[in-house]
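# Observations on chain architecture
What follows is the residue order along each chain.
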Amino acid sequence: MKFRKLASVFLVSALFITGCTNNSSQSEKESDTAVKGAQVEELDVVAATVSATQVLDKLDANVIGIPTTKMEIPEKFKGLPEVGQAMNPDLEIVASLEPDVFIMDSMFKENVKDSMKEYDLNTFYFNTGTYTEFVKSIEELGKKINKEEEATKVINELKEVEKEATANKSEKAPTVAIIFGGGENFMLATETSYLGDLAKTVGAENITNKLEGDMSSPYVQFSLEQIIKENPDYILRFAHGNIEETKKAFDDAFDKNPAYKELDAYKNGKVIDLDPAIFNVSANLQVKEAIKTLGNVLYGN
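Notes on the structure follow.

Calculation notes
Residue positions are given per chain, counting from 1 as you read along its sequence in written order. Since the coordinates come from a predicted model, pLDDT governs what is reported: local features require at least 70, and pairs of side-chain atoms require 80 or more to be given and counted, while whole-chain, interface and lining totals use all residues. Side-chain measures were taken over the full set of non-hydrogen atoms in the model, leaving aside hydrogen atoms and water. Cavities and pockets are found on a 1 Å grid laid over the protein atoms alone: a cavity is a set of points where a 1.4 Å probe fits but cannot escape, a pocket is an open set with protein on both sides within 12 Å along at least five of seven lines, and a lining residue has an atom within 4 Å of such a point. Grid points are joined across faces, edges and corners, and a volume is the space filled by probe spheres set on the points. Under the scheme used here, helices are H or I runs from DSSP no shorter than 4 residues and strands are E runs no shorter than 2 residues, and both carry numbers assigned from the N terminus. Note that Gly is not counted as nonpolar here; it falls among the polar residues with everything else outside the nonpolar set of Ala, Val, Leu, Ile, Met, Phe, Trp, Tyr, Cys and Pro and the charged set of Asp, Glu, Lys and Arg. The pairing criterion for strands is at least two bridges between them, as found by DSSP. Lines fitted to C-alpha atoms define the axes, with helix axes restricted to the stretch in contact, and inter-axis angles between N-to-C directions lie between 0 and 180 degrees. Any pair of residues with heavy atoms lying within 4.5 Å of one another is described as a contacting pair. Buried means the residue's accessible area, taken with a 1.4 Å probe over protein chains only, is under 20% of the maximum for its type, while exposed means over 50%, and partly exposed covers the values in between.

### Here we look at the layout of surface pockets
- Of the pockets and cavities examined, the largest pocket occupies roughly 430 Å³.
- A volume near 280 Å³ is recorded for the second largest pocket.
- Considering the residues around the second largest pocket, the lining is formed by 17 residues, among which Gln 54, Met 71, Asn 284, Leu 285 and Gln 286 are closest to the centre.
- Broken down by element, the lining of the second largest pocket gets its largest block of residues, 4 residues, from helix H2 (residues 50-58).
- Considering only residue class, the lining of the second largest pocket consists of 8 nonpolar, 5 polar and 4 charged.

### Remarks on the sheet that holds strand E3 (residues 101-105)
- Across the sheet, 4 strands lie side by side as E2-E1-E3-E4; this open sheet has parallel pairing. Edge strands, defined here as strands with exactly one partner in the open sheet, are strand E2 (62-65) and strand E4 (123-126). Averaged over all pairs of adjacent strands, the angle between their axes in this sheet comes to 35°, without regard to strand direction.
- Note that strand E1 (residues 44-47) and E3 share 3 bridges and pair parallel. The partner of Val 46 across the bridge, within E3, is Phe 102.
- Along the sheet face, helix H4 (residues 131-144) touches E3 and E4 and points at about 160° away from the line of E4.

### Details of unusual backbone geometry
- Here the phi dihedral of Glu 98 falls at roughly 50°; this positive angle occurs in a residue that is not glycine.
- Take Glu 98: it is sitting in the loop between helix H3 (91-96) and E3.
- Not every positive phi belongs to a glycine, and Asn 146 is a case in point at roughly 60°.
- Locating Asn 146 in the fold gives a position in the loop between H4 and helix H5 (148-165).
- Owing to a relative accessible area of 32%, Asn 146 belongs among the partly exposed residues under this scheme.

Spatial relationships are all this shows, so hold off on functional conclusions.
The following block contains the structure:
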């Protein structure tokens, strides 16, 4: 009799525990289903930078305000309220649009630091200083506006372009000198500049890495003797500002100084003028074409 009573107790306990387990599992499944079925909040975004606007288009973001610019804006954003130029947006207009997130180029953060205190804006500073920072900003922006999956897709597309551009890369990295010119003022672009970081991305070795002195600035002064000593495989020239004036200054400098003609890059036809329609001093989604072009120049892709 005692055995039967004990058996009955164990049976009831087992059924009770099983029932609790099943109910717990069912609750977890229902909870998981609810989370998966929940819609991610769509945020209203105002952008005061063309680069970010291009990215927001790819992220399928809900943009309600755009920068005032002569540059090309994604078609679906045309006609939206304009909030002023990137370097000095009209924060009163931005605030009137009541965005969930306001996006500015980090390059102009100091320009609005004081006036920003007057407005309660959830601001994201988009970094376009180098290609590496640009990619990181896309990732962070995706998290900020609930578009992580879309941001990952954009980044993967960029990584694929990198892979294709360096498909024919050899073990020995090509050496480059990137001469940045504005009028008759020439400087060398280091790896902390947009152009220098791009060259590094595709596997080139910047001669500024071997020069003495502080090379932490994006652009540094140089002497012709330094370039002659390093004798780079490629000289990449980039004209900024008055393009035609700078190109003429480049040609005059190379034509009038016979020392340039002694460089291997000159002898081998590897003095390359970077197209300002493709290259720039800061990043945007046109960087895909820039990476492809550098890959073709350096590796014949």
